[in-house]
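Breakdown of the fold
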Amino acid sequence: MARVVAGVRATLGCQVLVVDDASGDATGAVARHAGALTLRLPLALGAWGATQTGIRYAQRNGFAGVITLDADGQHVPESLPALFDAQGATGANVVIGTCTRRLSRAKRVAWWYLRTLTGLGLGDFTSGLRLYDRAAVNILAGPAASLLDYQDVGVLMLLAKNEMVIRETPVEMLPRREGHSRVFASWPVVALYMMHTTVLCLAQIHPGRRRAPSLIGDAPC
Amino acid sequence: MLTGQITSAVLGVGLAGAILFLVRRDHLHGPYAVWWFAVAAATFVLGVFPGVVVWLGRETGIGYAPVLPIIIGLSLVLIRLLKLDIDRSKHERKMRRLTQKLAILEQELERLGGRRSTDDVSDEPMG
C-alpha cells in the first residue's frame, strides 16, 4: 500500500487520503508514513462506506474532484493521468478506468447481465478506479448513497439518475498484490451479490433512462 | 374445567395486562407505546367478548368467523415487521453517516491540535 500512496503522490502530486475501515493492522501508520492523510473509521462500514467517507471528506474540504483507487496494488498510479485525459476529452462527470482484457468469464457474464438490466453501457461495473468531478462528489456524499454497500451498480445508477455523464477509459491493471475482491470472493457471495443488485436495479429502473455511455477508444490495455 | 370463554378472557386480559405493564414501565416509547396500547385493548375486548368475532364475521361475510382475528393479527404483524425493517434501514443510514463524520472530525481535531493520532500516542507521554 505504501507503494500505491507513493506512486499516486509522484504521478499527480495531489493529496492522498487513505481510509482505514476499522482494520486491526498498521494500515493507518503505514499510510501516514508514506505521506498520506488517513481517516480511521471507528466501525467497519465496508468498501463503499469507507469510500464515501473519503468522498465526504473531499466535499467538506472543497476539493475539485476525487479519484478512487484500491490500495491492494491492482491499480497502477501511472494510469491516473489517463482518467484526466478522458475527462478532458469527453467532459464526463465520472470516468471509470477499466481493463476488459483482465475480466474473468464469470465477470463477463455478470456484466452482460447488468448491462441488460440497467441500460448502462459499461464494460466493468465494479472497477474501483474512478474519477469523480465536483458534481458527482456532491451527489455521492449525500444520504441517498449511504445505504449502498459497494462502489458499483448502485453508485452508477444513482449518478445516472442525477444526469451525470459516465465514461470508461481503458487502463492497465495488475493482479492484486494483497487482499481479494470483496464481490467475487466465492460462489455463494456472488449469487447473493447478483440477487441484491438485481433487486436494487428493479427498484431503481426507469424506462426513460436507457442511455448508453460508450467505451472511449478500444485500445488493448 | 375451563370454558372457551374463560380461556380466551384469561389470554386476552393477560396479554393486555403484560403490554400495559411494559408501557407503564417506560420500556416502550412514543409511537410504539400507542401501537401496543391499541393491541392490548384489542386483545382485551376480543378475549372478554368473543361474540364480537362472530358478529364481525357475519358483517364481513366470512363464513368461518374464528379465522378473522388470525388474518387480521397476521396482517398487523406483517405491517409491524415491515415498519421495523424500514426503521432499521433509517438507523443504519444514520449510524453509517455518524461513523463517517466521526472519522472526519477526528482527523480535523488531530490536524488542528497538532496531536499525533491515537495509535501513535501510546509510546509517548500525553500532553
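Here is a short report on the structure shown in this document. (Residues numbered from 1 in each chain as written. Chains lettered and ligands numbered in written order. Predicted model: local features only at pLDDT ≥ 70, side-chain atom pairs only at ≥ 80, totals over all residues.)

1. Some remarks on the overall build of chain A
For chain A, the helix and strand inventory stands at 8 helices and 6 strands. The helix and strand sequence of chain A, counted from the amino end, reads α-β-α-β-α-β-α-β-α-β-α-α-β-α. For chain A, with 221 residues in total, the buried portion stands at 41%. (Helix = DSSP H or I, 4+ residues; strand = E, 2+ residues; numbered from the N terminus. Buried ≥ 20, exposed ≤ 12 C-beta atoms within 10 Å, placed from the backbone.)

2. A few points about the interface of chain B and chain A
Facing the 14 residues of chain B at the interface are 18 residues of chain A. Looking at the side of chain B that touches chain A element by element, the count peaks at 11 residues for helix H4 (residues 67-113) of chain B. When grouped by side-chain class, the residues that make up the side of chain B that touches chain A number 3 nonpolar, 5 polar and 6 charged. (Contact = placed C-beta atoms within 7 Å. Nonpolar A, V, L, I, M, F, W, Y, C, P; charged D, E, K, R; others polar.)

3. Things to note about helix H1 (residues 2-12) of chain A
One turn of an α-helix holds 3.6 residues; hence residues three or four places apart share an orientation. Residue and element names in this part refer to chain A. Within the sequence span of H1, burial applies to Val4, Val5 and Val8. Along the axis of H1, the buried positions cluster into a sector of 100°, meaning they face one direction only. In H1, the exposed positions angled more than 90 degrees off the buried face are occupied by Arg3 and Ala10. Looking at the buried side of H1, the elements it contacts are strand E1 (17-20), helix H2 (27-33) and helix H4 (80-90). Downstream of H1 by one or two residues, Gly13 has phi in the positive range, about 65°. (Arc of directions from axis to C-beta.)

4. Quick look at unusual backbone geometry
Of note, the phi angle at Glu163(A) is positive, near 65°, even though the residue is not glycine. Look at Glu163(A) and you get exposed, because 11 C-beta atoms sit within 10 Å. Positioned with a positive phi, Asp26(B) is a non-glycine residue whose angle comes to about 70°. Mapped onto the elements, Asp26(B) comes out in the loop between helix H1 (4-24) and helix H2 (30-48).

5. So, the sheet that holds strand E3 (residues 65-68) of chain A
Residues and elements named next belong to chain A. Pairing in this open sheet of 4 strands is mixed, and the strands run E3-E5-E4-E6 from one edge to the other. Since the sheet does not close on itself, it has two edges, and those belong to E3 and strand E6 (166-170), each with one partner. For this sheet the average axis-to-axis angle between neighbouring strands, irrespective of direction, equals 15°. Bridge count between strand E4 (residues 94-98) and E6: 5 bridges; the pairing is parallel. (Pairing = 2+ DSSP bridges. Axes fitted to C-alpha atoms, helices over the stretch in contact; angles between N-to-C directions.)

6. Digging into H4(B)
Compared with the 69 Å implied by 1.5 Å per residue over 47 residues, the 67 Å span of H4(B) between its first and last C-alpha is a close match. The buried fraction of H4(B) is low, at 4 of 47 residues. Residues Arg96(B), Arg97(B), Gln100(B) and Ala103(B) constitute the buried set of H4(B). Buried residues along H4(B) sit in contact with strand E2 (37-40) and helix H3 (46-60) of chain A. (Expected span 1.5 Å × (residues − 1).)

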